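# Structural description and commentary
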Amino acid sequence: MLEIKDIHKTFHKNEVLKGVSIKVEKGDVVVILGPSGSGKTTLLRCINFLERADRGEIIFDNLGVNIASATSGDITKIRKRTAFVFQNYSLFNNKTALENVTEGLIIARKIPKPKAIEIAKQSLDKVGLSDRYNYYPSMLSGGQQQRVGIARAIAVNPDVILFDEPTSALDPELIGEVLGVMKRLAKEGVTMVVVTHEMTFAQDVANHIVFMDKGVIVEEGNPKDFFSNPQEERTKQFLLRIVPNNDYSI
């Protein structure tokens, strides 16, 4: 469904992505792991042009976009097929939960307001916030704010949702409620690409793991093989720090 081919991105002479390629099939939950500075978030942002990569190609089914020559129309087409969940929520503080979800539907998707409200309520219901329609972000916990962000993403019915470390800004006791929503979406067949440090989620929910370091993909595969029998020494070193109970020979 989605193919990212040979993505390169440089910031101030620092090459952050060095030719990254990933394939995502419909219904996949692809988890991207790696140390800080490995290029994970930059890759995610390049997929829907929050950052413009220097070169590469993005293919959505029969829609192929050359990044270097992509027009505003091309970018709009890509963005209409994706949704982004930010690690810092990125909600409008002066709008209620309901208004935060309807905003993109009305402004960007040109959906009539009554229909947008209906969709927004359904989306908030799905993430367990049916009693928080009229609450402002300041009245919500971090976990609730992130669930509003997820509701905003699913409301536009995208082909793929991109999650950028969705639990990293949360207190430990709030992480579970957000991961629970994501697990339910995965069971419903929602296609997701997730940058995260949550190893249990990666092991239990993902069907494909991508491990990045220094702007390249070091290793990828299914969760069982990745966590039980990593092939690359760098992967083993990373997992020894993140999953210390495992004993990998390096």
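Everything here concerns the structure above.
What you see as residue numbers is a count from 1 along each chain, following the sequence as written. The predicted origin of the model limits local features to residues at a pLDDT of at least 70 and limits the giving and counting of side-chain atom pairs to 80 or more, whereas totals for whole chains, interfaces and linings rest on all residues. Hydrogens are left out, water is left out, and the side-chain values use all remaining heavy atoms of the structure.

## Here's the deal with the packing of helix α4 (residues 113–126) against helix α5 (residues 142–155)
Running from amino to carboxyl end, α4 crosses α5 at an angle of 130°, the nearest separation of the two axes being 8 Å. On the basis of the axis angle, α4 is oblique to α5. Where α4 crosses over α5, the handedness of that crossing is right-handed. Only Val 148, Ala 151, Ile 154 and Ala 155 of α5 make contact with α4, whose side of the interface consists of Ile 119, Ser 123, Leu 124 and Lys 126. Grouping the amino acids of the contact of α4 with α5 by side-chain chemistry returns six nonpolar, one polar and one charged. Only the stretch in contact is used when a helix axis is fitted, and all axes are lines through C-alpha atoms; the angle between N-to-C directions ranges over 0 to 180 degrees. Secondary structure elements follow DSSP: runs of H or I no shorter than four residues count as helices, runs of E no shorter than two count as strands, and numbering proceeds from the N terminus. Orientation labels follow simple angle bins: below 35 degrees gives roughly parallel, above 145 gives roughly antiparallel, 65 to 115 gives roughly perpendicular, and whatever is left gives oblique. Should the near helix be turned counterclockwise from the far one by less than a right angle, the crossing is left-handed, whereas a clockwise turn marks it as right-handed. In this description, contact between two residues means that some pair of their heavy atoms is separated by no more than 4.5 Å. Residues were grouped as follows: Ala, Val, Leu, Ile, Met, Phe, Trp, Tyr, Cys and Pro as nonpolar; Asp, Glu, Lys and Arg as charged; and all remaining residues, including Gly, as polar.

## A look at the packing of aromatic side chains
Aromatic ring pairs: the centre-centre distance and the angle between the two ring planes describe each pair. Aromatic pairing here means that ring centres of Phe, Tyr or Trp (its six-membered ring) are within 6.5 Å. Orientation follows from the plane angle: under 30 degrees is stacked, over 60 is edge-to-face, and everything else is tilted. Across all of its chains, the model carries four aromatic pairs by this definition. Ring centres 4.6 Å apart and planes at 40° place the aromatic pair Phe 84 and Phe 86 in the tilted group. Think of it in three bands: with a 1.4 Å probe and only protein chains considered, a residue is buried below 20% of the maximum accessible area for its type, exposed above 50%, and partly exposed in between. Residue Phe 84 is classed as buried on the basis of its relative accessible area, which comes to 9%. When the centroid spacing of 4.8 Å and the interplanar angle of 35° are considered together, the rings of Phe 211 and Phe 238 count as tilted. Placement of the pair is Phe 211 in strand β9 (residues 208–213) and Phe 238 in helix α9 (residues 233–242), with a sequence separation of 27 residues. Relative accessible area serves as the criterion here: at 0%, Phe 211 is assigned to the buried category. Members of the aromatic cluster, joined through ring pairs, are Phe 211, Phe 226, Phe 227 and Phe 238.

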